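Coordinate inspection notes
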Amino acid sequence: MYPQQIIDALRHVRYPGTGKDLVESGMLEDDIRIQGFEVSFSLIFDKDNDPFLKSVVKAAEVAVQTYADKNAAVSIHPKFRKQNISTEGSTTAILPQKTRVIAIHSGKGGVGKSTVAANLAIALAKRGYQVGLLDADIHGPSQPKMFHTEDCRPYSVEVDGRTLIEPIEQYGVKMLSIGFFVDPQSAVVWRGGMASNAIKQLIQDGHWGELDYMLIDLPPGTSDIHLTLISTLQLTGAIVVTTPQEVALVDARKGVDMFQNEKINVPVLGIVENMSWFTPAELPENKYYLFGQDGGKHLAEELQVPLLGQIPLVQSIREAGDAGLPIAMQEGHPAARVFDEIAEKMVN
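Residues numbered from 1 in each chain as written. Predicted model: local features only at pLDDT ≥ 70, side-chain atom pairs only at ≥ 80, totals over all residues. Heavy atoms only, no water.

Topologically, Arg-337 is positioned in helix H10 (residues 334–347). For Arg-337, a relative accessible area of 43% corresponds to the partly exposed category. Separated by 35 residues in sequence, Arg-337 and Glu-302 have C-alpha atoms that sit 27 Å apart. (Helix = DSSP H or I, 4+ residues; strand = E, 2+ residues; numbered from the N terminus. Buried < 20%, exposed > 50% of the residue type's maximum accessible area, 1.4 Å probe, protein only.)

Take a look at the structure:
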């Protein structure tokens, strides 16, 4: 074996966060060593909590044995780039390093992003994880309604000489939303800078405590708020929500592109297709594809990111959200099982 064989083999392995192969992504360190059948080299990741680290290392090992030599004994050493993002005003002291920060995003409004965020948070809490949910949709906060906490008002607590905001806890999920601080009957008419500063305050001044997962319900589209969150928090990954409809898919594609942009470089953990089909209660075996069939699935295949799940258009999901009792709480309900499966795939 010789080094070029190893390089060519690793061109067959794609990093899921960008869709590019390991060589094109600049992840292969220039330290390939070959002694007989023993091969060693390093792969460079952005951060030590990269969600794809284990799977990429395993895939690289298999690629060397498949395309270079089946008898190769492969040793791969992960390395991590130094973060160049300024830590001024960061949340390092607020969110423990073990916290996985997941952005829930949609390219356009009305595709069910907040419904997915709420039910995913509950599905994770049911599994025993400590979960936080930040409602970052300044102009259309939905989580207070979905968690039946519209009348709740967070209070301040003194922690190590700092005044922090105590999140509202409901159904095992800690939550903060601008909806707790404004009149629910009035529109929030703020410029981008004001909205971004409000989100920063909810992150930095929230008394989140120990969390395994922090889910962020982002506003639709791409805006100042998205850039604020990306520069304030080190996101572990993003989930993009869409419907199968072509109009929604166009915007979902832009959302994936935003996170995979070289300057942002946040791994896309997968796509969730919502409103995949309609099944009437009286005909539970029937499926009617009102918004098109498998649009999110085809988009995931095209962009080479996982499809985390397809959620049917079911009346009980809407009714549960409006009642402030998300469907994921109903053990055994078919829709609850879908969200449980999405949570499991995300955790994996």
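Below, the discussion takes up the pattern of salt bridges. Counted under the stated rule, the structure contains 13 salt bridges. In this structure, Asp-322 engages Arg-318 in a salt bridge whose closest nitrogen and oxygen atoms are separated by 3.2 Å. Of this pair, Asp-322 and Arg-318 are both found in helix H9 (residues 315–322), 4 residues apart, which corresponds to roughly one turn of the helix. With relative accessibility at 42%, the residue Asp-322 sits in the partly exposed group. Overlapping salt bridges bring together Lys-98, Glu-210 and Asp-212 as one network. (Salt bridge = Lys/Arg side-chain N within 4 Å of Asp/Glu carboxyl O.)

Glancing now at the sheet that holds strand S3 (residues 73–80). The strand order across the open sheet built from 3 strands is S1-S2-S3, with neighbouring strands paired in mixed fashion. Each having just a single partner strand, strand S1 (33–35) and S3 make up the two edges of the open sheet. Each neighbouring strand pair of the sheet contributes to a mean axis angle of 20°, computed without reference to strand direction. Two strands pair when backbone bridges link them, and S1 and strand S2 (residues 38–45) are joined in this way by 3 bridges, in the antiparallel orientation. (Pairing = 2+ DSSP bridges. Axes fitted to C-alpha atoms, helices over the stretch in contact; angles between N-to-C directions.)

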